[in-house]
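# Breakdown of the fold
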Amino acid sequence: MPLLIPLVAAAALIAGRVRPGQDEPDVHDRQVDGLLAAGCLVSAATLLLLMPSPDRTTWLLPGALAYLAGAAILLVGTRTAARMRWALLLPLVAITGVIPAAVVDATNGALRAVVAVLGRPGGPVDAGGALTTTYRQSALTLTSADLPGIAFLGGTACLLVSALVVFGPRTVALRRAALAVAVLGAVTVGAVMAVLLTGRLLGPTAFRVAEYPVLTDVLLALVVMILVARWSRRAPQPAPRTVRPYLPRARFALVTLVVAAVLMGLESLPAALALTEAAR
Amino acid sequence: MSATFGVHSAHTVLTRAQRAGLLLALVLIGAVAVLRPMLVLQTVVAIVTLAYTAALVFRVMLVYAAGRGEHQVEVSDEEARAVPDAELPVYTVLVPAYREPAVIGLLVQHLGALEYPREKLEVILLLEEDDRETIEAAEASLNGSWAQIMVVPESQPKTKPKACNAGLERATGEFVTIYDAEDIPDPLQLRRAVVALRRLGSSYVCLQAELGYFNVDQNRITKWFALEYATWFRSLLPGLVALRMPIPLGGTSNHFRAAELRELGAWDPYNVTEDADLGIRLARSGYRVGVLRSVTLEEANSDFINWIKQRSRWYKGYLMTWLVHLRSPRATISQLGWRGLLCLNLFVGGTPLAALLNAVLWATTILWFLDRPAALQEIFIAPYYYLGLFCLVFGNATVIYLNVLSVRTMDRPDLLGTALLSPGYWAMMSLAGAKAAWQLVFKPSYWEKTTHGLHLPASSVTVPEAADV
């Protein structure tokens with residue numbers, strides 16, 4: 001599920017950018033698309049297949065980036081891919097796992113503290129790095145690993161990137177992002193409290209179901225999607241000109257890309273597994 | 001028209017003899033590559049390195065020559081205005097346009113500013129028969145003005161040079177020039193050209209005016225473009241003049257003696273850089289070309305894809321021109337001399353080839369730094385490796401220095417950062433070079449139309465479709 005929030009944010013951003021803007025020239029060229037995509041895909045193949053050991057995992061991220069860029073250009077054209085470049089990069093936020101463990105721990109610690117303060121009348125206790133509530137004298141514990149700190153941080157990263165994409169590097173982007181992160185934080189705290197309340201009211205079985213991370217992830221993804229979709233809505237133009245949405249025919253390219261992805265994936269699988277192992 | 005040009009028409013990119021020679025060379029290289037692949041790779045690297053070094057030295061020579069003395073023809077405002085109207089000849093201005101209704105309205109405003117007697121100014125707007133939109137826009141904006149509209153009948157090839165040839169047939173002027181619809185020429189340019197051509201004598205049949213841009217600050221691409229043109233017109237072209245070499249003409253603002261232009265057969269309708277080709281043909285015929293100190297402001301291409309399309313057409317045309325004029329090497333040497341031959345190979349052929357090869361060489365360099373494959377070490381044998389290293393360090397530094405020099409000549413210190421970021425522009429050039437090479441093989445006469453008016457508000461721009469021959 002770590003891809004859910006970035007994918008949803010990317011989808012919301014793309015949905016708001018499917019149609020070209022008023023100031024975007026309607027100039028396209030399949031030869032330019034083909035040449036750029038060929039360059040990107042050859043780079044990806046070189047990085048993933050030819051780069052030597054000992055540390056092949058180093059090449060996975062640039063290789064994935066080059067493949068993603070090449071595939072996007074080939075499938076939707078250079079201009080459209082450029083318009084959606086940040087949206088397409090969002091899933092990589094999750095893939096790269098750039099959030100350090102210390103930050104995740106600190107976030108979970110903050111979440112525990114806030115939930116303990118806000119839920120004090122009901123009684124969740126922050127003890128020994130876990131949140132504990134009770135149901136008929138039996139203790140129900142939400143450990144640090146069960147808290148959605150990483151999902152919150154991923155969502156925050158997506159909101160920051162999306163705000164930059166939609167509003168540009170301006171103060172308004174920072175303001176909107178700060179507000180959105182506050183909303184996301186409130187929803188995250190609310191979700192944790194809801195899990196604890198479910199356990200307190202309905203017992204251990206309901207508590208086990210409610211603490212599945214997927215539920216919180218879906219909730220946070222929904223919040224991110226709504227916020228990004230609201231930002232992405234373009235302001236009505238005074239005198240819109242006829243803008244031709246450009247989508248090249250790329251069925252052959254799609255088949256080729258899937259085959260290439262499978263082949264390169266198989267080739268780089270051992271390195272990816274090593275990376276996952278190292279992350280653990 | 002190809003009959004007029006004979007062997008020097010781009011109607012056929014490669015003649016039978018050229019094709020046979022190329023095929024034979026490829027077979028021989030292939031055969032040796034099977035037996036001694038490393039030898040072939042080493043030879044290719046050696047030839048490419050030598051060619052790069054030669055092109056680099058040639059550029060430095062041009063800039064050095066340009067810096068020694070004044071090589072632009074200068075006509076002061078007083079001299080230009082001193083010619084009485086009665087002594088001015090009829091001047092024909094050809095304005096070819098295709099699918100450009102947005103900018104056609106600017107024509108009256110821009111050409112209306114020319115200081116030339118109306119009764120002696122013949123402006124012919126050349127429009128294609130199938131381009132109803134531009135014809136209607138032109139009829140609306142030129143109604144009652146001094147400009148004429150000439151509708152060029154539908155026929156192949158549908159190219160700018162074919163339209164210009166049609167316009168030249170109707171032209172009555174003693175002198176002829178070409179402007180694009182969005183061009184803003186120096187108001188005294190026609191008078192200056194008359195004075196200069198009369199002063200220089202009959203051996204000069206053409207003057208190329210300097211081109212500049214009115215939208216330099218639109219974005220990074222326009223800034224790079226402006227610096228490149230400044231280098232071209234203030235360092236390289238004066239260098240070619242100083243060394244008495246052929247001048248590849250620019251697309252607009254070249255001023256001809258009409259009679260000699262007709263005698264030469266005018267523009268090759270099949271060549272997509274008919275202007276550069278005409279410059280070489282002028283030199284082959286023993287005529288001289290000067291560079292006039294008078295600026296025409298154009299629209300710098302501000303869009304990445306549009307820029308690639310335009311530049312790939314230029315590169316393809318340069319490659320065509322190079323191949324066309326190498327068809328009869330003996331005649332070329334006798335007509336152009338060794339200086340002309342140098343210019344033809346290192347400037348006309350060398351520019352697009354260098355752009356194309358740059359991408360391969362940069363990729364090789366990056367690969368070396370990332371992985372240090374043993375095969376690469378073997379390909380670059382010592383003398384050529386050091387020569388290549390010299391080109392990498394000194395060559396790149398020289399080109400960046402030329403751009404910095406243009407910052408100085410343009411008196412635009414704010415463009416210094418843009419000059420230092422030139423490698424980004426070179427990457428775009430490489431992409432255009434690859435596109436040009438691809439099209440030269442598969443679509444040689446395809447005219448990659450450039451969209452104009454991208455500096456205007458979005459609502460007024462329509463995008464043309466390319467013309468295929």
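Report on the accompanying structure. (Residues numbered from 1 in each chain as written. Chains lettered and ligands numbered in written order. Predicted model: local features only at pLDDT ≥ 70, side-chain atom pairs only at ≥ 80, totals over all residues. Heavy atoms only, no water.)

### Quick word on the overall build of chain A
For chain A, the helix and strand inventory stands at 11 helices and 3 strands. Mapped from its N terminus to its C terminus, chain A presents α and β elements in the order α-α-α-α-α-α-β-β-β-α-α-α-α-α. In chain A, buried positions account for 42% of the 280 residues. Intrachain contacts of chain A at a sequence separation of at least 6 include 80% that bridge at least 24 residues. Split by element, the accessible area of chain A, about 14900 Å² in all, is 70% carbon and sulfur. (Helix = DSSP H or I, 4+ residues; strand = E, 2+ residues; numbered from the N terminus. Buried < 20%, exposed > 50% of the residue type's maximum accessible area, 1.4 Å probe, protein only. Contact = heavy atoms within 4.5 Å. Areas by Shrake-Rupley, 256 points an atom, 1.4 Å probe, with all protein chains shown as cover.)

### Here we look at the sheet that holds strand β1 (residues 125-127) of chain A
All names here are of chain A. With respect to topology, 3 strands assemble into an open sheet ordered β1-β2-β3, the strand pairing being antiparallel. Looking along the sheet, the strands with just one partner apiece sit at the ends: β1 and β3 (138-143). Strand-to-strand, the axes of this sheet are offset by a mean angle of 35°, without reference to chain direction. For β1 and strand β2 (residues 130-135), the ladder comprises 3 bridges, and the chain directions are antiparallel. Within the sheet, the bridge partner assigned to V125 lies in β2 and is T132. Against the sheet, helix α6 (residues 101-118) makes contact with β1 and β2, and its axis sits at roughly 35° relative to β2, the strand it touches most. Relative to the sheet, helix α8 (residues 171-202) contacts β2 and β3, its axis offset from that of β2 by approximately 30°. (Pairing = 2+ DSSP bridges. Axes fitted to C-alpha atoms, helices over the stretch in contact; angles between N-to-C directions.)

### Concerning the nonpolar core
All names here are of chain B. In this structure, L240, W267, L282 and W307 are the most contacted members of the largest nonpolar core, which totals 86 residues. Element by element, the count of residues in this core is highest for helix α9 (residues 220-242), at 12 residues. Not counting residues within four places of it along the chain, the set of residues in contact with W307 comprises I221, F225, N301, Y425, M428, M429 and A432. Within the second largest apolar cluster, 37 residues are counted, among which are V93, V194, Y204 and L292. (Core = buried A, V, L, I, M, F, W, Y, C linked by side-chain atoms within 4.5 Å.)

### Side note on the packing of aromatic side chains
Residues and elements named next belong to chain B. Following the criterion strictly, the structure yields 18 aromatic pairs over all chains and no others. Relative to F175, the ring of Y91 has its centre 5.7 Å away and its plane inclined at 40°; by these criteria the two rings are tilted. Of this pair, Y91 sits in strand β2 (residues 91-97) while F175 is found in strand β5 (residues 175-178), placing the two residues 84 residues apart along the sequence. We classify Y91 as buried; its relative accessible area is 0%. On the basis of an interplanar angle of 55° and a centroid distance of 5.0 Å, the ring pair of Y213 and F225 is categorised as tilted. One end of the pair, Y213, is in strand β7 (residues 204-213); the other, F225, is in helix α9, and 12 residues separate them in sequence. By relative accessible area, which is 9% here, Y213 ends up buried. Within the aromatic cluster, the residues linked to one another by ring pairs are Y213, W224, F225, Y229, F233, W307, W314 and Y425. A cation over an aromatic ring shows up here: K443 above the ring of Y446, its NZ or CZ 4.3 Å from the ring centre. (Phe/Tyr/Trp six-rings, centres within 6.5 Å; stacked < 30°, edge-to-face > 60°. Lys NZ or Arg CZ within 6 Å of the ring centre and 35° of its normal.)

### Re the packing of helix α11 (residues 274-284) of chain B against helix α13 (residues 329-371) of chain B
All names here are of chain B. Put simply, α11 and α13 touch, their axes get as near as 9 Å, and they point 150° apart. In terms of orientation, α11 lies roughly antiparallel with respect to α13. Judged by the twist between their axes, the crossing of α11 over α13 is right-handed. Taking contact as the criterion, the partners of I280, A283 and R284 in α11 are, on α13, A331, T332, Q335, L336, L344 and V348. Among the residues making up the contact of α11 with α13, the classes are represented as 6 nonpolar, 2 polar and 1 charged. (Parallel < 35°, antiparallel > 145°, perpendicular 65-115°, else oblique. Left-handed = near helix turned anticlockwise from the far one by under 90°. Nonpolar A, V, L, I, M, F, W, Y, C, P; charged D, E, K, R; others polar.)

### Comments concerning the pattern of salt bridges
Residue and element names in this part refer to chain B. All told, the structure shown has 24 salt bridges over all chains when counted by the stated rule. As a salt-bridge pair, D180 and K160 come within 3.8 Å of each other at their nearest N and O atoms. Of the two residues, D180 sits in the loop between β5 and β6 (184-185) while K160 sits in helix α7 (residues 160-170), which places them 20 residues apart along the sequence. Both residues of the pair, D180 and K160, belong to the buried class. In this structure, R192 engages D186 in a salt bridge whose closest nitrogen and oxygen atoms are separated by 2.8 Å. The residues R192 and D186 share a single accessibility class, namely buried. (Salt bridge = Lys/Arg side-chain N within 4 Å of Asp/Glu carboxyl O.)

### Some points on unusual backbone geometry
Backbone torsion omega between Q156(B) and P157(B) reads 0°, so that peptide bond is classified as cis. Tracing the backbone through its elements, the reader meets P157(B) in the loop between β4 (147-152) and α7. The phi angle at R136(A) is positive, at roughly 45°, despite the residue not being glycine. Within the fold, R136(A) resides in the loop between β2 and β3.

### What about the side chain of T231(B)?
Residue and element names in this part refer to chain B. As for its position among the elements, T231 is in helix α9. Owing to a relative accessible area of 7%, T231 belongs among the buried residues under this scheme. Within polar-contact distance, the side chain of T231 engages the backbone oxygen of L227 at 2.9 Å. Look past the residues within four positions of T231 in its chain and what remains in contact with it is L236, L402, N403 and S406. (Polar contact = N/O pair within 3.5 Å; in protein donor to acceptor, adjacent residues only side chain to side chain.)

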